[in-house]
Number of protein chains: 2
Amino acid sequence: MSPIRPDLPSSSTRDSFGPPSTEDEGLVVTYLLKGDPADCARRARLLSIEQTAEVSPGLCAGEFFEKHVLGRVESVVPAGPDRCEVVVRFPADVVGTEFAQLFSVVFGNVSLWEGVRVASVRPTAALAARIGGPRFGIAGVRTRLGVPERPLLMSAVKPLGRSPSELAAYAYDLARGGIDLVKDDHGITDQVFAPFEARVEAVSAAVARANRETGRRCLYCPTVTGPADVLVDRARFARDAGAGAVLLSPLVVGPDFLRVVAREADLPVVAHPALAGAFFAHDDHGIALPALLGTLMRLAGADLVVFPGWGGRFPFTREGCAAVDRALKDDLGGVRPAFPVPAGGLSLSHVPELLGVFGRDVVFLIGSALYERSPDLAANAAYFLSLVEARPD
Amino acid sequence: MSPIRPDLPSSSTRDSFGPPSTEDEGLVVTYLLKGDPADCARRARLLSIEQTAEVSPGLCAGEFFEKHVLGRVESVVPAGPDRCEVVVRFPADVVGTEFAQLFSVVFGNVSLWEGVRVASVRPTAALAARIGGPRFGIAGVRTRLGVPERPLLMSAVKPLGRSPSELAAYAYDLARGGIDLVKDDHGITDQVFAPFEARVEAVSAAVARANRETGRRCLYCPTVTGPADVLVDRARFARDAGAGAVLLSPLVVGPDFLRVVAREADLPVVAHPALAGAFFAHDDHGIALPALLGTLMRLAGADLVVFPGWGGRFPFTREGCAAVDRALKDDLGGVRPAFPVPAGGLSLSHVPELLGVFGRDVVFLIGSALYERSPDLAANAAYFLSLVEARPD
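Residues numbered from 1 in each chain as written. Chains lettered and ligands numbered in written order. Predicted model: local features only at pLDDT ≥ 70, side-chain atom pairs only at ≥ 80, totals over all residues. Heavy atoms only, no water.

**Here's the deal with the interface of chain A and chain B**
Reports often express the size of an interface as the amount of accessible area lost when the parts come together.
Next up, step 1: On the side of chain B, 99 residues touch chain A, which itself brings 99 residues to the contact.
Next up, step 2: Counting across the chain A and chain B interface gives ten salt bridges.
Next up, step 3: One salt bridge connects Arg 259 of chain A with Asp 229 of chain B, and the closest N-O pair in it is separated by 2.9 Å.
Next up, step 4: At the junction of chain A with chain B, the criterion picks out 33 residue pairs in polar contact (both at pLDDT 80 or more).
Next up, step 5: For the side of chain A that touches chain B, the element with the highest residue contribution is helix α8 (residues 164–177) of chain A, accounting for six residues. (Contact = heavy atoms within 4.5 Å. Salt bridge = Lys/Arg side-chain N within 4 Å of Asp/Glu carboxyl O. Polar contact = N/O pair within 3.5 Å; in protein donor to acceptor, adjacent residues only side chain to side chain. Helix = DSSP H or I, 4+ residues; strand = E, 2+ residues; numbered from the N terminus.)

Rendered as structure tokens:
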């Protein structure tokens, strides 16, 4: 018969793997739970089990589980009608060293509950160091570009349907006009219109030609979103072809590919927010915008994070965007800050207002509006550049 | 100057990559959009651009885009107050051959809109064949187990915090009692309590010993959720150690790992629903439960899909579970059917009712309740087995 009694003194039957010796306090997650304080306190306790031991409370009783396995409910504070803010501290050894498990601990099973909202995620410095964060970050991207101070400009070669030579022609004009980062649209992957290798070679060459002419160092960021067994090879191919960064959709392919691609290709990675809206569409469930596209994507290794700016075609607010900005740049246990990349139908006239929120460490991503300003795409890009170069401070 | 005029006759400037020649009609997605019919028709048109060309309408005008790139809005039908059912057909060449891009086309950017719900996803047979689906499916899993007809039983070694030898002891008892599939908890990954390799070797050996004694073929399914550059190696290690399947969380690590792991380890894959609740928590946005955990996980390659049954600790309904069951088994262009694995705090007394919904092709996953029935875990497992073996038909 197996030792399934909950009161089993685990230490006496443990092998050499435990109990863990670390004093690391782990991961602090702030949740907003639906319910009155008594109900929230009860649910918080169940959440702290659901995200760790994942058994009936009777099967994880005792000091060992309380100390080393279960989340610890640190506070339950009313936060509006029928809602409480709940702080849970998860042991570092439950999170381990891998982003996937961290993501699961934060929201894996309780995503299937009702009324659970992740408001913020704070690892200790030791845990953050194990998870990693951006390989390049704001400073590393600026070094590659040779642009130490001003806001950066990003645009996209698009739309899907164009051929490699058409996309390359756009890229050439964008780079020639002064765009710092020219990315593929996230939906331009490896379709028949512009297959991955042909496209990456053509666009890389076009950007290199523009760079030779301008003396700038525009970085081409091809989309490497693709099969799990091919994605890293695409990033390496892109590097060898001359790409200066890569773009992928972490929630489509798995966020840990940010880290792996940055390391294997030695290139900065741009995170695209595809699917992200599923997490923050409602105030009472999911993961808040700054926690998901700020803290979590940064911990996972994004050097630049694309998200919908306000005033474009997505329903986002100035306050939400400012919160993402803070989450990408604030003190996070030594993890490098990452660039916010507000996007999503922004117009050129919007740039001054955006500067007021994000300051200099921002990448403005403008696509369609740049193509539409005039038929001269290089001139449009140069105008875009003038908007940030002209800034007096 | 680049050819950025929307009325550009693309064919004259295209290189050898297009236009595509396939007659495949592609991917049909049914959305529920918020709004009155006129508003929904307008939003459906914008959605069909957002998910494909992703530019201002003026930049993707013309026959080429209409025919080959943009989604085609097939119908807009009122579906309740302030809501319409909208059917959009996406060209097969936009989806391509990769699951990641299919997932992006279905919900990538429009996840960032308000009031967009994916109700169903239907690929043509040709597209479904390119994406793949389960490598083993229901029939393949039954063959490996040598159990041709009756419902299957799954349980878990748990909780997190136990050592490899403790988990192995549970697995031995579960297998000896007649459990068909013994999985790790999804949160038992590679922590200090039971590191991956030591655990997988210990538990595999314990299950093998039980199998030698019983003559059965219980399959151990270790959790391989982990780093993107290590996950496939873990699955191969598991196979070499004697594991009979693997478990992973597709929405945590990327759904395409289902396909890659099944192929590289030649093992059936069990999909865990961690994070899935973010997608179907609200009726007016996201991806419906059967579309996500049924059709999409099946297309991605899951042989078995864990999801919360009704009557457990998650707020799910009998109707929702029946819809997942249908989505995993219905005609999907030749894609193999996959096993539904209702779970999440189910009790043994719940089994007869579950049988009424899922029929014989189901895997019942019961964890805590099996450990709690009596201190004799093997006897508890044997009792669980008697509940499905005793079934008269």
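**Observations regarding the pairing of strand β4 (residues 116–123) of chain B**
Along a regular strand, successive side chains alternate from one face of the sheet to the other.
Residue and element names in this part refer to chain B.
Next up, step 1: Sheet analysis places strand β1 (residues 27–34) next to β4, joined by seven bridges and oriented antiparallel. In the strand pairing of β4, Thr 30 is matched with Ser 120.
Next up, step 2: Bridge count for β4 against strand β10 (residues 286–287) is two bridges, and the pairing is parallel. Its bridge partner being in β10, Val 118 is matched across the sheet by Ile 287. (Pairing = 2+ DSSP bridges.)

**Observations regarding the packing of aromatic side chains**
Next up, step 1: Evaluation of the coordinates by the stated rule reveals 20 aromatic pairs over all chains.
Next up, step 2: With 5.5 Å between their ring centres and 45° between their planes, Phe 99 of chain B and Phe 103 of chain B make a pair best called tilted. Residue Phe 99 of chain B and its partner Phe 103 of chain B are both found in helix α5 (residues 99–107); the two are separated by four residues, about one turn of the helix.
Next up, step 3: Judged by relative accessible area, which is 4%, Phe 99 of chain B ranks as buried.
Next up, step 4: Among the aromatic residues, those joined into a cluster by ring pairs are Phe 99, Phe 103 and Phe 279 of chain A together with Phe 99, Phe 103 and Phe 279 of chain B.
Next up, step 5: Of note, Arg 373 of chain A hangs over the ring of Tyr 383 of chain A, and the distance from its end group to the ring centre comes to 3.9 Å.
Next up, step 6: The ring of Tyr 172 of chain B carries the charged tip of Arg 209 of chain B above its face, separated from the ring centre by 3.9 Å. (Phe/Tyr/Trp six-rings, centres within 6.5 Å; stacked < 30°, edge-to-face > 60°. Buried < 20%, exposed > 50% of the residue type's maximum accessible area, 1.4 Å probe, protein only. Lys NZ or Arg CZ within 6 Å of the ring centre and 35° of its normal.)

**A few points about the sheet that holds strand β11 (residues 304–308) of chain B**
What links the strands of a sheet is backbone hydrogen bonding, and the strands pair in either a parallel or an antiparallel sense.
All names here are of chain B.
Next up, step 1: Strand order in the open sheet made by the four strands is β8-β9-β11-β12, with parallel pairing throughout. Strand pairing shows two members of the sheet lacking a second neighbour, β8 (246–248) and β12 (339–343), which therefore form its edges. Sheet twist, expressed as the mean angle between neighbouring strand axes with direction ignored, is 25°.
Next up, step 2: Relative to strand β9 (residues 269–271), β8 is paired through three bridges, and the arrangement is parallel. Within the sheet, the bridge partner assigned to Val 246 lies in β9 and is Val 269. (Axes fitted to C-alpha atoms, helices over the stretch in contact; angles between N-to-C directions.)

**Overview of the environment of Gly 96 of chain A**
Residues and elements named next belong to chain A.
Next up, step 1: With respect to the secondary-structure elements, Gly 96 resides in the loop between α4 (92–95) and α5 (99–107).
Next up, step 2: The exposure class of Gly 96 is buried, given its relative accessible area of 13%.
Next up, step 3: Sequence separation of Gly 96 and Asn 109 is 13 residues, and the distance between their C-alpha atoms is 17 Å.
Next up, step 4: Excluding anything up to four places from it in sequence, Gly 96 contacts Leu 127 and Arg 130.

**Here's the deal with the relation of the copies chain A and chain B**
Next up, step 1: Rotating chain A by 180° and translating it 0.0 Å along the rotation axis places it on chain B, where the RMSD comes to 0.0 Å. The superposition operator between the copies reduces to a two-fold rotation axis. In terms of proximity to the rotation axis, the leading residue of chain A is Gly 254 of chain A, whose C-alpha is 2.0 Å off the axis.
Next up, step 2: By residue overlap, the copies meet face to face through one surface: 100% of the interface positions of chain A are interface positions in chain B. (Least-squares fit on C-alpha atoms with pLDDT ≥ 70 in both.)

**Considering helix α9 (residues 196–214) of chain A**
Residues and elements named next belong to chain A.
Next up, step 1: An ideal rise of 1.5 Å per residue puts 27 Å on 19 residues; α9 measures up with 27 Å between its terminal C-alpha atoms.
Next up, step 2: Listed in full, the buried residues belonging to α9 are Phe 196, Arg 199, Val 200, Val 203, Ser 204, Ala 206, Val 207, Ala 210 and Asn 211. Around the axis of α9, the buried residues are gathered within 165° of arc, so they sit on the same side.
Next up, step 3: Lining the buried residues of α9 we find α8, β6 (181–184), β7 (219–221) and α10 (231–241). (Expected span 1.5 Å × (residues − 1). Arc of directions from axis to C-beta.)

**Considerations on unusual backbone geometry**
Residues and elements named next belong to chain A.
Next up, step 1: At the junction of Lys 158 and Pro 159, the peptide bond is cis and its omega measures out at -5° in the coordinates.
Next up, step 2: Relative to the assigned elements, Pro 159 resides in the loop between β5 (152–157) and α8.
Next up, step 3: Even without a glycine there, the phi angle at Glu 54 is positive, about 55°.
Next up, step 4: Tracing the backbone shows Glu 54 in the loop between α2 (37–50) and α3 (63–68).

**Digging into the packing of helix α9 (residues 196–214) of chain B against helix α10 (residues 231–241) of chain B**
All names here are of chain B.
Next up, step 1: α10 packs onto α9 with a crossing angle of 30° between their chain directions and a minimal axis gap of 9 Å. It follows that α9 is roughly parallel to α10 by the angle criterion. Taken as a pair, α9 and α10 cross one another with a handedness that is right-handed. Residues Phe 196, Glu 197, Val 200, Glu 201 and Ser 204 of α9 pack against Arg 234, Phe 237, Ala 238 and Ala 241 of α10.
Next up, step 2: In terms of residue class, the contact of α9 with α10 is made up of five nonpolar, one polar and three charged. (Parallel < 35°, antiparallel > 145°, perpendicular 65-115°, else oblique. Left-handed = near helix turned anticlockwise from the far one by under 90°. Nonpolar A, V, L, I, M, F, W, Y, C, P; charged D, E, K, R; others polar.)

**With respect to the nonpolar core**
Next up, step 1: Formed by 274 residues in total, the largest nonpolar core has its most connected members in Leu 292 of chain A together with Leu 292 of chain B.
Next up, step 2: The contacts of Leu 292 of chain B, once residues within four sequence positions are left out, are Phe 103, Leu 251, Ala 276, Phe 279, Phe 280, Ile 287 and Met 297 of chain B.
Next up, step 3: Val 141, Leu 181, Cys 221 and Ala 343 of chain A belong to the second largest nonpolar core, which has 20 residues in total. (Core = buried A, V, L, I, M, F, W, Y, C linked by side-chain atoms within 4.5 Å.)

**A look at the environment of Leu 304 of chain A**
Residues and elements named next belong to chain A.
Next up, step 1: Mapped onto the secondary structure, Leu 304 falls in strand β11 (residues 304–308).
Next up, step 2: Residues Leu 304 and Ala 262 lie 42 residues apart in sequence; the distance between their C-alpha atoms is 12 Å.
Next up, step 3: For Leu 304, the contacting residues outside a window of four places in its chain are Val 141, Met 154, Leu 181, Pro 268, Val 269, Val 270, Ala 271, Phe 339, Val 341 and Val 363.

**Side note on the domain arrangement of chain A**
Residues and elements named next belong to chain A.
Next up, step 1: The domain architecture assigned to chain A consists of domain 1 (23–131) and domain 2 (137–389).
Next up, step 2: Between the C-alpha centres of domain 1 and domain 2 the distance comes to 33 Å.
Next up, step 3: Summing both sides of the interface, domain 1 and domain 2 together bury roughly 1800 Å²; the carbon and sulfur share of this comes to 62%.
Next up, step 4: A per-residue breakdown of the area domain 1 buries against domain 2 is headed by Phe 99, Phe 103 and Arg 117, which together make up 36% of the total.
Next up, step 5: At the boundary of domain 1 and domain 2, one finds one salt bridge.
Next up, step 6: Across the salt bridge formed by Arg 122 and Asp 330, the nearest N and O atoms sit 3.3 Å from each other.
Next up, step 7: Counting every contact that joins domain 1 to domain 2 gives twelve residue pairs in polar contact (both at pLDDT 80 or more).
Next up, step 8: Ranked by the residues each element gives to the side of domain 1 that touches domain 2, the list is headed by strand β4 (residues 116–123), at eight residues.
Next up, step 9: Here the side of domain 1 that touches domain 2 is composed, by residue class, of 14 nonpolar, three polar and four charged. (Domains from an automatic or database assignment. Buried area = accessible area lost by both parts, 1.4 Å probe.)

**Quick look at the pattern of salt bridges**
Next up, step 1: Under the definition given, this model contains 61 salt bridges over all chains.
Next up, step 2: A salt bridge links Arg 259 of chain A to Asp 256 of chain A; the shortest N-O distance between them is 2.8 Å.
Next up, step 3: The class for Asp 256 of chain A is buried, based on a relative accessible area of 8%.
Next up, step 4: Note that Glu 74 of chain B is salt-bridged to Arg 89 of chain B, the shortest N-O span being 3.2 Å. In this pair, Glu 74 of chain B is assigned in strand β2 (residues 72–78) and Arg 89 of chain B in strand β3 (residues 83–90), connecting sequence segments 15 residues apart.
Next up, step 5: Classification of Arg 89 of chain B by relative accessible area gives buried; the value is 17%.

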